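The primary structure of each chain is shown beneath.
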Amino acid sequence: MRYSKLLIPTLKEDPAEAEVISHKLMVRAGMIRKVAAGIYTYLPLGWRTVRKVAEIIRQEMDGAGAQEIMMPAVQPADLWIQSGRWDFYGKELLRFKDRHDNEFCIAPTAEEVITDLAKREVKSYRQLPMNLYQIQTKFRDEIRPRFGLMRGREFIMKDAYSFHKDVKSAEEEYWNMYETYKRIFTRCGLDFRAVEADTGNIGGSFSHEFMVLAETGEDFIASCDSCDYAANVEKAECRPPEPIDPSRQPREMLEEEVAELPIEEVSTPGKKTVEEVAEFLHVPLKKIVKTLIYKFTESSGDKAVAVLVRGDHEVNEIKLKKVLTEFLWHKEQELILADKETVEEVTNAPPGFAGPVGLKGPTWVATIADHAVANMSNFITGANEADTHFKNVNIRDFMVAGYFDLRKITPGDPCPKCGTGKIEIFKGIEVGHIFMLRTKYSEAMKCTFLDEDGAEKPMIMGCYGIGVSRTAAAAIEQNNDKNGIIWPAPIAPYEVIVLPLNMKNEAIKNAAQEIYEELKKAGVEVLLDNREDVSAGNKFKDADLIGFPVSVVVGEKNLKDGFVEVKRRSTGEALKVPVSEAARKTGEIIDEEKSTVGRKRPFNS
RNA sequence: CGGGGCGUAGCGCAGCCUGGUAGCGCACACGGUUCGGGACCGUGGGGUCGAAGGUUCAAAUCCUUUCGCCCCGACCA
């Protein structure tokens, strides 16, 4: 392709609206343009990269036995009502009515349509297992789209759904997809980890996320420094301190054995946060118990629950939700930190002075505590009175409905898997997610088959997503320098750019043209920067900004002696090669760039 | 939805406080000189100052409303 024919509107300056590097560089390199918040047009270069990511996904999915299909983006409400998600999904689901006043949505994901398809077309165990996928535009009306393609509202996703006659088959496919995803992201040249994850809105029984490690990631990953354990912080379980002590009886095992002292009131004027209290009373955060009042709604009205965690810990709301539903039988809706009024009602004090001693009020249902609290003694809590805390509080002083894993894992915690390693926290960008759905959708939508024994059974399902456009952005987050993008060769919009530095010099023009033709013939994806009246400096800057893995520089000085320069974007390393050798050498280098991608970074190590 | 910020030429911005000719750099077009790391000279085109209403002789500027965008938070297959 000739540069002059392509729409590549590069910019010298960062766009004012962009914050993260991938967003800035994609706009500057002329790959995307914004149409509305979280909604983008892909320009020729951006689209080529997206297509290349998609092609890698296709090859690997097809190779793994999946079949590509295409489902509608606009989906009827009644399928979503059948699955129960029409009510459950909330505002993120973009809904509208057609001219007949029938309700529709723009699909954020396609479990409903695919389950309906399987229900209609698959009758027998003989047709199973089956894995169907599509690569398609999705829409999620995110509360706050941001960071360009990293969190768009409209984005391109590969979503796959598998159907099985039994759990064993489904689990086999799950791990088949797990391995397939590893190959896909490795081929894309990404440094990533597969981590255990929460199942969120999609539901189901277990799940892994594929995380690209990057500082701009919005997810936190807990990873063990000695074993292969890695999990989303949302999911990572905290090993209860020894001894595991649900009954709270044996006091003799406490890490710090001291006699329980009598409870004592202390004045703490204006000291609301744990940090302020710790500083004011000259005690470590670990000696304080935080009391957080959470509010949720159930059929009988608003309820409040008090949650106790150690001062240096933070509540993991996903775990809290789970505890509320699974152990306390509250089917909560919209769990939120309680507002001022609720706090005052439950604690009889302004926010900032809540404590577990003497909670009351009609909405208060229970006090629950994190495991770590069970092993504390003579700690500090709020006194449920303005400007006052209690010292030497002990478990004897209040009622706890139970001890659960309620906190976020923190760096230095013991690994929940091996127990000996320490947890480290990394930031990551979620580019893929695989779920074991089991029968969540097949039961709701009556998607059944006849098994060998003639019994009608719901299909066992799995689902597997990859953010295609996000993967492209994540690759940039990981591969860039001050001059621009450094594309991993397999997903670069073009593999090679040929730079004739002066188009008015016939010898340069002809040599560049020749090398370009030869590369094209050899099947290399090559772009010829044939722009007239663009200075050498500009061509270099644009080539670096866009990030072509290899450039062939055809300039006067070298060409006089019959040479051109073949340069790698990743290392800056430049080879002087004879014109006649240029195409061959370039081909070799690009092959090497493509084949070494991913190899330098061992998976999960 | 809460807090903060911003809407002036395609992009990046100044002008607004203190009302009176809409400006700068880049980009774009034409002519010329340049041509290995974002060249230079000259000429030129391009703006309902986000929108609506108000105050005023006069509004980009002051007031009100509204829309959009960005950041932080809550939220998120």
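Basis of the calculations
- Residues numbered from 1 in each chain as written.
- Chains lettered and ligands numbered in written order.
- Predicted model: local features only at pLDDT ≥ 70, side-chain atom pairs only at ≥ 80, totals over all residues.
- Heavy atoms only, no water.
- Axes fitted to C-alpha atoms, helices over the stretch in contact; angles between N-to-C directions.
- Helix = DSSP H or I, 4+ residues; strand = E, 2+ residues; numbered from the N terminus.
- Parallel < 35°, antiparallel > 145°, perpendicular 65-115°, else oblique.
- Contact = heavy atoms within 4.5 Å.
- Nonpolar A, V, L, I, M, F, W, Y, C, P; charged D, E, K, R; others polar.
- Near = heavy atom within 4 Å.
- Polar contact = N/O pair within 3.5 Å; in protein donor to acceptor, adjacent residues only side chain to side chain.
- Pairing = 2+ DSSP bridges.
- Buried < 20%, exposed > 50% of the residue type's maximum accessible area, 1.4 Å probe, protein only.

### Thoughts on the packing of helix α1 (residues 21–28) against helix α12 (residues 468–478)
Here is step 1 of the chain: It is the contact of α1 with α12, at a shortest axis distance of 8 Å, that shows an interaxial angle of 105 degrees. Here α1 lies roughly perpendicular to α12, going by the angle between them. In contact with I21, S22, L25 and M26 of α1, α12 contributes A473, I476 and E477.
Here is step 2 of the chain: Split into classes, the residues belonging to the contact of α1 with α12 amount to five nonpolar, one polar and one charged.

### So, the protein's contact with RNA strand B
Here is step 1 of the chain: The local shell around RNA strand B holds 46 residues, among which R140, R151, F155, M157 and K567 are the closest.
Here is step 2 of the chain: For RNA strand B, the backbone makes up 49% of the atoms found within 4 Å of the protein, where backbone means sugar plus phosphate.
Here is step 3 of the chain: Between a phosphate oxygen of RNA strand B and a main-chain N or O atom of A37, the distance comes to 3.0 Å.
Here is step 4 of the chain: Between RNA strand B and G555, the relevant distance is 3.5 Å, taken from a base oxygen to a main-chain nitrogen or oxygen of the residue.
Here is step 5 of the chain: Within the residue set of the surface near RNA strand B, elements represented by two or more residues are β8 (154–164), α8 (317–326), β21 (423–438), α14 (536–546), α15 (556–560) and β30 (563–568).
Here is step 6 of the chain: Of the residues forming the surface near RNA strand B, the biggest block, seven residues, is contributed by α14.
Here is step 7 of the chain: Of the residues assigned to the surface near RNA strand B, the class counts are 14 nonpolar, 10 polar and 22 charged.

### Some points on the sheet that holds strand β4 (residues 74–76)
Here is step 1 of the chain: Spatial ordering of the open sheet is given by β4-β6-β5, a layout of three strands whose pairing is antiparallel. In this open sheet, the two edge strands, each paired with only one partner strand, are β4 and β5 (94–97). Direction aside, neighbouring strands of the sheet carry axes that sit 35 degrees apart on average.
Here is step 2 of the chain: Pairing analysis gives four bridges linking β5 to strand β6 (residues 103–106), with the strands arranged antiparallel. What sits directly across from L94, in β6, is I106.

### Comments concerning the side chain of Q478
Here is step 1 of the chain: On the secondary structure map, Q478 appears in helix α12.
Here is step 2 of the chain: On the basis of relative accessibility, which here comes to 18%, the residue Q478 falls in the buried class.
Here is step 3 of the chain: Within the structure, the side chain of Q478 is placed 2.8 Å from the backbone oxygen of L213, a separation counted as a polar contact.
Here is step 4 of the chain: For Q478, the contacting residues outside a window of four places in its chain are G189, L190, D191, V212 and L213.

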